[in-house]
Amino acid sequence: MSEFLEIAERIVGWADSGEQVEAVVVHERETEVRAYEGEVESLTVAESSGVGIRVIRDGRQGFAYAGTLDPDALVEVMREARDNLGFATPDEHCSLAEPDGVAPVGMDLYREALLDLPIDAKVQMALDLERITRSSDSRISGVESAEYSDSVSFSAVATTTGIRSISSETGCFLSAYALAEQDGETQTGFGFSLGRQPGDLDVEAAAADAAERSTRMLGAVKPPSGRMTVVFDPWVSAQFLGIVGGTLSGEAVQKGRSLFADRLGEDVASSILTLVDDPTDPAAYTATETDGEGLATRRNVLLADGRLERFVHNSETARRAGTTSTGSAVRGYSSTPGVGVRAVAVVPGVRSPTDLISGIRDGLLVQGVSGLHSGVNTVSGDFSTGAEGLRIRDGELAEPVREFTVASTIQKMLTDVTAIGDDLQWLPMRAAGVTLVIGELTVSGV
Amino acid sequence: MVKVTDMTDMTGGDAVILDPQVLLDTLGVAMATGGEFAEVFVEDRRSISALLDDRRIEELTSGRDRGAGIRVVVGETTGFAHTADLSPAGLRAAATAASAAARSGGSGVRVVALDSMSGPASAVVEILPSDVPKARKVALLERADDAARSRDGAITQVTARYADSQRRIQIANSDGLLTGDRQIRTLFSVSCVASGDSGLQTGRESVGHTIGFELFDRVDVEELAGRAAGRALTKLGAVPAPSGEMPVVVGPGGGGVLFHEACGHGLEADLIAKAASVFAGRRGEVVAAPMVSLVDDGTMVGEWGRYAIDDEGRPAQHNVLIRDGVLTDFMWDRLRARKEGRESSGNGRRQSYRHLPMVRMTNTYLEAGDDDPAEILAGTERGVYVAQLGGGQVNTATGDFVFGMTEAYLIEDGRLTAPIRDGNLIGNGPAALLDIDAIAGDFAMGSPGTCGKDGQGVPVGDGTPTLRVARLTVGGTAA
């Protein structure tokens, strides 16, 4: 691991006087096993590395990257980054992060147990997942994909301003995508399980989820259009909360692309909604000790009882806003630091999803959404997504429904949150999910 | 020592990255413990992107990615390994890993001889982007920014991006194939934010082709920026989109995404083989209205999804998917074609050497029809006219698909009236294809796109004339 920091430090040592230099070095080892009809369909083993170099001089930034740590390539990347800065517009706020005295929270995100797992055991998990999913219900006609994947990643950041950071993380993931068939109709559903080491994974639970989600959609019809109470399950709410978190980036605010730009301190959401971005919560799959500039990550309260508390910043947007970085620089080696949330979660409620649903006379439970990239405009706030799920009638889950959209605006949806479940669940994305009841959304169906 | 040949002065032809003997040796290692098939895919990609945002040239980025992906097929199993280390030792290690991953089964060791194929020549590029000074690329951004802002004071933010890439690939496999290609892409996009009493609105335009810097002899960046700004400004007066089923007219060049989602993905042979597509087993059947003829064509000169050979070394082809409403064929990669005892259709693509190839679209388009666009509109009493689509998604197993509208208008009494706010439309592929009731003659290609599948993004193009779907569900909020 320290070898990656050494490479980053060596690059930083090439700085000329008057230059700021930052080097980001990443290294990742991955395994992916796909099972299909009792056989291994594919097995991928891979190691990849990359380096990104930023050079700043007189408020101008240049950047270059390469997908290798080959010594010749490092020299070329440095030369390109230096050359590129000459074309940037000078900016007084353009500068590298500086150590801010905040110590990273140690979270034990790197588990040797994953490294010790033999490849045969990984293959077996994928095969088991496929077999169990297939045999869990007579209506399961196939498993489009059953996959085990894991990664071991290292990243190091060094700068001429004194930043030295290293982080290492392990992660593993099971996912199954089931096909259910009845009377010539096919429906789909997925299930997954994730963790940092093999012992965290639950093959049966992933298989059962995939089977349940696909079979319960059989016989789905198109619902009528109209306004109604909609319940988002955790998988769906996490996707929306991730998008909401994205609108609270300091960069979006400063560049006039956030619908919440001038609303700091105002009530922008239902008073039952408290939203926190906390990459220092080890339960989050996306937890990390340091951000893309090498600063410690930290817990940031975004909404408190519905009131907009803060935007998140990297060091540059913080400087521009006259504040300090919230440790929210996000990047890979192939890009300069952006700003973003990493691990957003709503403070959960005390009622179970079943209990929440029991209070709804006529509504919809949404278990899947599609077209979030094309149907959500994070600048205007308009959103409209494809959806599938189950009708709620007299407090009970009823017939499945599909081929409809749910629509509102982000602004209105946040104020329309009427209840929050107790089922907080971390997912393989930048947000945790929880059952959310939205008092009114427009459903477009027949 | 590996011979790495620098080909930046080339204007076409094969792209040599590694010496054929090195490839041959690597294949030997990959097949050392048996297997039906082995392949070495070598890639060397250089890219430049420049970003203007908030009135500043924020950054110019240079990127370099180079490496090899090696796969070995044993029985039903594909073993895959990739490496950024192109030295003989690095390649040998990756080949050994791929071979082990494929669970060495048989004992027969095959001897491979490589036959350098004179495949189709790489696209001819007039001005290699790498020969153009960076300053000229950056200057385009400033012109676009000025043009967008001068359009109206309500334009409060402009983002402009320039990007070019040169991707050289080289493929050798155990069938003796040795081939390569050089793929040049140049892209320019402008996004604007307009601010008014109704809040913020956005407008975007992009142009991208598999050509060099001569793109800017054909495309006026000021005009492009003006269109992006105009789109945002128009939407300041937009009304909420309607909600429910109604006729949808899609303008020329705008509808490609509809076909990409409504049936394109469902015609990919890997999904067909797994019965994960509503079109499985339907070859030879009527799947669309009789005037629908749909083509996927990787040979369209200059288009965003164009290449000489696919990422398995197969020449790109003109593949008719639907002819006069009848499903004629699916799209194939090597693995699926081999199982069916047929040739690949040249649709085996991968995002990079770090990925396994799979069946992907190239440039997918609907052939022009006979209707008059003005009459299509006039014949639509109430509905929605979509001038620009913004991406989509499909569940191929159910056929349900969505696509976004980023410039659209209400149709009332056969005329375009108010602009409407962004939203998605939803439909079911097989039903939507049969519900197409008019296709005009005004064919146009759409904007460059990136198609995502299983986490891999590849560049694709699409095109349509004006067309009408008698019934789709518009997902707005208006009663």
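Keep in mind it's a predicted model, so treat the numbers as computed, not measured. (Residues numbered from 1 in each chain as written. Chains lettered and ligands numbered in written order. Predicted model: local features only at pLDDT ≥ 70, side-chain atom pairs only at ≥ 80, totals over all residues.)

## Points about the overall build of chain A
Assigned secondary structure in chain A consists of 11 helices and 20 strands. A compact globule built from 446 residues should have a C-alpha radius of gyration of about 22 Å, and chain A, at 24 Å, falls within 12% of that. Across its three principal axes, chain A shows a C-alpha extent of roughly 70 × 55 × 35 Å. Within the span of chain A, comprising 446 residues, buried residues form 58% of the whole. (Helix = DSSP H or I, 4+ residues; strand = E, 2+ residues; numbered from the N terminus. Rg over C-alpha atoms; globule rule 2.2 N^0.38 Å. Buried ≥ 20, exposed ≤ 12 C-beta atoms within 10 Å, placed from the backbone.)

## A look at the nonpolar core
Within the largest apolar cluster, 263 residues are counted, with the highest numbers of intra-cluster contacts made by Ala8 and Leu129 of chain A together with Ala98 of chain B. Counting residues per element, this core draws most heavily on strand E4 (residues 140-159) of chain A, which supplies 9 residues. Look past the residues within four positions of Ala8 of chain A in its chain and what remains in contact with it is Ala23, Val24, Val25, Ala156, Val157 and Ala158 of chain A. Residues Val125, Ile211, Phe213 and Tyr307 of chain B belong to the second largest nonpolar core, which totals 10 residues. (Core = buried A, V, L, I, M, F, W, Y, C linked by C-beta atoms within 7 Å. Contact = placed C-beta atoms within 7 Å.)

## As for the interface of chain B and chain A
The interface is formed by 66 residues belonging to chain B together with 63 residues belonging to chain A. For the side of chain B that touches chain A, the element with the highest residue contribution is strand E2 (residues 56-74) of chain B, accounting for 12 residues. Tallied by class, residues from the side of chain B that touches chain A come to 19 nonpolar, 31 polar and 16 charged. When strand E2 (residues 39-57) of chain A meets strand E3 (residues 77-83) of chain B, the two strands line up parallel, connected through 5 bridges. (Nonpolar A, V, L, I, M, F, W, Y, C, P; charged D, E, K, R; others polar. Pairing = 2+ DSSP bridges.)

## Re unusual backbone geometry
In this model, Glu403 of chain A sits at a positive phi of 55°, which is unusual for a non-glycine residue. Topologically, Glu403 of chain A is positioned in strand E16 (residues 396-409). Given 25 C-beta atoms within 10 Å, Glu403 of chain A falls into the buried group. One non-glycine residue, Arg55 of chain B, adopts positive backbone phi at about 70°.

## Observations concerning the domain arrangement of chain B
All names here are of chain B. When cut into domains, chain B gives domain 1 (20-236) and domain 2 (243-475). Each of domain 1 and domain 2 was reduced to a C-alpha centroid, and the two centroids are 23 Å apart. Counting residues at the interface gives 34 residues for domain 1, matched by 22 residues for domain 2. Mapped onto the side of domain 1 that touches domain 2, the elements with two or more residues apiece are strand E1 (37-53), E2, E3, strand E5 (155-173), strand E6 (177-196), strand E7 (199-209) and helix H5 (221-236). Counting residues per element, the side of domain 1 that touches domain 2 draws most heavily on E6, which supplies 6 residues. By residue class, the composition of the side of domain 1 that touches domain 2 is 12 nonpolar, 14 polar and 8 charged. (Domains from an automatic or database assignment.)

## So, the domain arrangement of chain A
It is common to give the size of an interface as the accessible area lost on bringing the parts into contact. Residues and elements named next belong to chain A. If you check the domain split of chain A, you get domain 1 (2-215) and domain 2 (220-446). In this structure, domain 1 and domain 2 have C-alpha centres spaced 23 Å apart. Tallying the contact residues gives 33 residues for domain 1 and 24 residues for domain 2. Where the side of domain 1 that touches domain 2 is concerned, the elements lending two or more residues are strand E1 (20-36), E2, strand E3 (60-66), E4, strand E5 (164-182) and strand E6 (185-195).

## A word on the confidence of the model for chain B
Residues and elements named next belong to chain B. When pLDDT is averaged across chain B, the result is 92; 93% of the residues are at 70 or more. Overall, residues 104-109 carries pLDDT values under 50, and its contacts beyond four positions in sequence, including any with other chains, amount to 14 contacts. Under the prediction, the complex receives an ipTM of 0.93, its pTM being 0.93. (pLDDT = per-residue confidence, 0-100.)

## Brief notes about the sheet that holds strand E8 (residues 275-277) of chain A
Residue and element names in this part refer to chain A. Here 4 strands make up an open sheet; going across it, the order is E10-E9-E8-E13 and the pairing antiparallel. Of all strands in the sheet, those bounded by a partner on one side alone are strand E10 (307-308) and strand E13 (344-346). One ladder, built from 3 bridges, connects E8 with strand E9 (residues 300-304); its direction is antiparallel. Paired with Asp277 across the bridge in E9 is Asn300.

## Examining the environment of Glu388 of chain A
Residues and elements named next belong to chain A. When you line up the elements, Glu388 lands in strand E15 (residues 382-393). Between the alpha carbons of Glu388 and His313 there is a distance of 36 Å; along the sequence they are 75 residues apart. Other than its neighbours up to four places away in sequence, Glu388 contacts Met217, Ala220, Gln367, Gly368, Val401 and Arg402.

## Observations concerning the environment of Ala50 of chain B
Along the chain, the position of Ala50 of chain B falls in strand E1. Once you skip the residues sitting within four places of it in the chain, Ala50 of chain B turns out to touch Ile57, Leu60, Lys137, Val138, Leu141 and Tyr162 of chain B.

## Observations regarding the pairing of strand E20 (residues 436-444) of chain A
Residue and element names in this part refer to chain A. Across the 9 residues of E20, 7 count as buried, placing the element largely inside the fold. Summarising the sheet, strand E7 (residues 226-232) and E20 pair through 6 bridges and their orientation is antiparallel. Along E20, the bridge assignment pairs Phe232 with Leu436. Where E16 and E20 come together, 3 bridges link them in antiparallel fashion. Counterpart to Ala407 in the pairing with E20 is Thr442. Summarising the sheet, strand E17 (residues 417-420) and E20 pair through 3 bridges and their orientation is antiparallel. Bridge assignment links Ala419 to a residue of E20, and that residue is Val437.

## Digging into the packing of helix H4 (residues 119-135) of chain A against helix H5 (residues 203-215) of chain A
Packed helices, taken two at a time, are described by their axes: the angle between them and the distance between them. All names here are of chain A. The N-to-C vectors of H4 and H5 enclose an angle of 40°; their axes lie 9 Å apart at closest approach. For the crossing formed where H4 meets H5, the hand is right-handed. Across from Met125, Asp128, Leu129, Ile132 and Thr133 in H4, the residues of H5 making contact are Val203, Glu204, Ala206, Ala207, Ala210 and Ala211. Split into classes, the residues belonging to the contact of H4 with H5 amount to 8 nonpolar, 1 polar and 2 charged. (Axes fitted to C-alpha atoms, helices over the stretch in contact; angles between N-to-C directions. Left-handed = near helix turned anticlockwise from the far one by under 90°.)

## Regarding helix H1 (residues 20-30) of chain B
All names here are of chain B. Listing the buried residues of H1 in full gives Val22, Leu23, Thr26, Leu27, Val29 and Ala30. Around the axis of H1, the buried residues are gathered within 160° of arc, so they sit on the same side. Those residues of H1 that are buried are in contact with E1, E2, helix H2 (88-101), E5 and E6. (Arc of directions from axis to C-beta.)

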